[in-house]
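Secondary and tertiary structure notes
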Amino acid sequence: MFAKPKVTIILANLGTPDAPTVPAVRTFLQQFLSDQRVIEIPKPVWQIILRLFILPFRPKRVAQAYAQVWAKDSPMREILLQQVEAVRAELTQRYPQFELNVVPAMTYGNPNIQTVLSQISAQPQDHVILLPLFPQYSATSTAPLYDAVARWVLTQRNLPGLSLIRDYYQHPLFIQALAQSVRDYQAIHGKPEKLLMSFHGIPQPYADKGDPYADRCRITGKLVAKALGLSEDQYAISFQSRFGKQEWVKPYTDALIEEWGKQGVKSIQVMSPAFSADCLETLEELAMENADTFKANGGERYSYIPALNSREDHLQLLNSLLQANLDALTHTLAH
């Protein structure tokens, strides 16, 4: 009797502090902002800026923001754990020929990707599948997970097979799920004058150097608009969460919302197709801060359409991405 091949699936998101407190946020920001994939300023210069001007001050404001959206845990981690449980339940039933495990991981914070990979080493696997939960690849988000795997590979003698799912920005099931989330929301709350698809931003120089993220975001947005049958004046694509003084990809979400308010637009709904789980950037920045900006400039009705989170159609997409890999493994691993 042969032992079942061991396969581990890692669902990975960016990360979150362990608590909505200044010390926890400072620890998280130090790890996150020390990654040269995220901040490309020369390391010695950036560490001076980080330690003298950012870490002493920014954690207090960020901790206060987290406190507004924190429940029993960080929203991102709560949702990631829900996604892991749902995917595990579906795929372990579908693939009884494997000893299948599905685990959560974060690039920064906990459960940390390096710790997860170390645990995999303790129970040698036949194959590992990494699914970064970033719909649009970026060197600032997806690539750090590749880096973590690369560092781990260098320490391993008996390596498993590896599959890395790069992204899924134009996958039909992804576009369908996003469009349906809008339809479901509007069935209850009605339609606005404008639908804004706000994506997390990256610095413009990163895009100029070849990061495909902004182009992938625009493709996602246009496909969602097409699925919803929207004309060009009924929606817009923008980028949020600027940091520092350099130019980021445009248009900026807050500037566009302010402009719409001043132009007499009275109602907008906002969604964020770059996020697979609601988090600080969607629940506080997008849903709260930008609502204030819109209303301060003459707007009246502003609402945020939640991320796909643990929606059934989102889970179907994640399972479909993983099944393509698992089906291939049935021919190479299964006895």
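Quantities reported herein were computed from a predicted structural model and do not represent experimental measurements. (Residues numbered from 1 in each chain as written. Predicted model: local features only at pLDDT ≥ 70, side-chain atom pairs only at ≥ 80, totals over all residues. Heavy atoms only, no water.)

1. A closer look at the sheet that holds strand 4 (residues 161–164)
For clarity, the cut-off: Pairing between two strands requires that DSSP report at least two bridges joining them. Put simply, DSSP marks the helices as runs of H or I at least four residues long and the strands as runs of E at least two long, and each gets a number from the N terminus on. To get an axis, a line is fitted to the C-alpha atoms, and for a helix only the part in contact is used. The angle between two axes follows their N-to-C directions and goes from 0 to 180 degrees. By definition, residues are in contact when any of their heavy atoms lie within 4.5 Å.
On the basis of which strands lie adjacent, the open sheet formed by 4 strands has the order 2-1-3-4 and parallel pairing. Looking along the sheet, the strands with just one partner apiece sit at the ends: strand 2 (99–109) and strand 4. This sheet shows a mean twist of 20° between the axes of neighbouring strands, independent of strand direction. Pairing geometry for strand 1 (residues 6–16) and strand 2, over 10 bridges, is parallel. Counterpart to A12 in the pairing with strand 2 is A105. Against the sheet, helix 4 (residues 75–94) touches strand 1 and strand 2, its axis set at about 165° to strand 2.

2. Quick word on the UniProt feature "binding site: Fe(2+)" (unreviewed entry) in the protein chain
Heads up, the condition is: UniProt positions are given in the numbering used here, feature names are shortened, and annotations may be inferred rather than shown by experiment. Exposure categories follow from relative accessible area, calculated using a 1.4 Å probe and restricted to protein chains: below 20% of the type maximum is buried, above 50% is exposed, and the middle band is partly exposed.
Under the present numbering, the feature "binding site: Fe(2+)" (unreviewed entry) in UniProt falls on H200 and E281. Maximum C-alpha separation among the annotated residues is 8.1 Å over a sequence range of 82 residues, consistent with a single clustered spot. If you trace the backbone, H200 turns up in strand 5 (residues 194–200). Look at H200 and you get partly exposed, because its relative accessible area is 24%. Residues in contact with H200, not counting those within four places in the same chain, are Y213, F239, Q240, S241, A274, F275 and E281. Locating E281 in the fold gives a position in helix 11 (residues 280–296). Excluding its chain neighbours within four sequence positions, the residues that come into contact with E281 are H200, Q240, S241, F275 and L286.

3. Considerations on the domain arrangement of the protein chain
Rules: Per the annotation, domain bounds derive from an automatic or database assignment of domains. By buried area we mean the combined loss of accessible area, with a 1.4 Å probe, across both parts when two parts are placed together. For this document, the term salt bridge refers to a Lys or Arg side-chain nitrogen within 4 Å of an Asp or Glu carboxyl oxygen. The term polar contact refers here to a pair of N or O atoms within 3.5 Å; inside protein, the definition further demands a hydrogen-donor-capable atom paired with an acceptor-capable atom, and it admits residues adjacent in sequence only when both atoms are side-chain atoms.
Taken domain by domain, the protein chain holds domain 1 (6–168 + 312–333) and domain 2 (172–304). Taking only C-alpha atoms, the centre of domain 1 and the centre of domain 2 are 24 Å apart. With both chains or domains summed, domain 1 and domain 2 bury close to 2,400 Å², and 64% of this area falls on carbon and sulfur atoms. Broken down residue by residue, the surface that domain 1 buries against domain 2 is led by E40, V69 and Q136, which jointly contribute 23%. Across the domain 1-domain 2 interface, the total number found is 2 salt bridges. For E40, the salt bridge identified is with K209, shortest N-O distance 3.1 Å. At the junction of domain 1 and domain 2, the tally comes to 12 residue pairs in polar contact (both at pLDDT 80 or more).

4. Observations concerning empty space enclosed by the protein
Selection rule: Grid points spaced at 1 Å and placed over the protein atoms alone form the basis of the search, with a cavity being a set where a 1.4 Å probe fits but cannot get out and a pocket an open set showing protein on both sides within 12 Å along at least five of seven lines. Lining residues have an atom within 4 Å of a point. Grid points are joined across faces, edges and corners, and a volume is the space filled by probe spheres set on the points. Under the grouping applied here, Gly and all other residues not named as nonpolar or charged are polar, the nonpolar ones being Ala, Val, Leu, Ile, Met, Phe, Trp, Tyr, Cys and Pro and the charged ones Asp, Glu, Lys and Arg.
Inspection of every chain in the model, using the stated rule, returns 2 cavities of 30 Å³ or more. Surrounding the largest cavity, L178, S181, M271, S272, P273, F275, I305, P306, A307 and L308 form its lining. Here the residues of the lining of the largest cavity sort into 8 nonpolar, 2 polar and no charged. Roughly 30 Å³ of internal volume is contained in the second largest cavity. Ranked by residue count, the leading element in the lining of the second largest cavity is helix 2 (residues 43–54), at 3 residues. Each residue belonging to the lining of the second largest cavity can be placed in one class, and the counts come to 4 nonpolar, 3 polar and 2 charged.

5. What about the nonpolar core?
To keep it simple, the criterion reads: Nonpolar core, defined: a set of buried Ala, Val, Leu, Ile, Met, Phe, Trp, Tyr and Cys residues in which side-chain atoms within 4.5 Å join the residues together.
Grouped together as the largest cluster of nonpolar side chains are 52 residues, with contacts concentrated most on I9, L11, L131, L322 and L326. Among the domains, domain 1 (6–168 + 312–333) and domain 2 (172–304) are the pair contributing at least three residues each to this core. Once residues lying within four places of it in the same chain are set aside, the contact partners of L11 are L80, Q83, V84, V87, V102, V103, P104, A105, L131, L133 and L322. If you look at the next biggest cluster of nonpolar residues, it comprises 35 residues, including F32, A65, L117 and F134.

6. Points about the layout of surface pockets
By volume, the second largest pocket amounts to about 220 Å³. Lining the second largest pocket are V182, R183, Q186, A187, K191, P192, E193, K194, L195, L228, L230 and Q234. Elements that contribute at least two residues to the lining of the second largest pocket include exactly helix 7 (172–189) and strand 5. For the lining of the second largest pocket, the element with the highest residue contribution is helix 7, accounting for 4 residues. Along the lines of polarity and charge, the residues of the lining of the second largest pocket split into 6 nonpolar, 2 polar and 4 charged.

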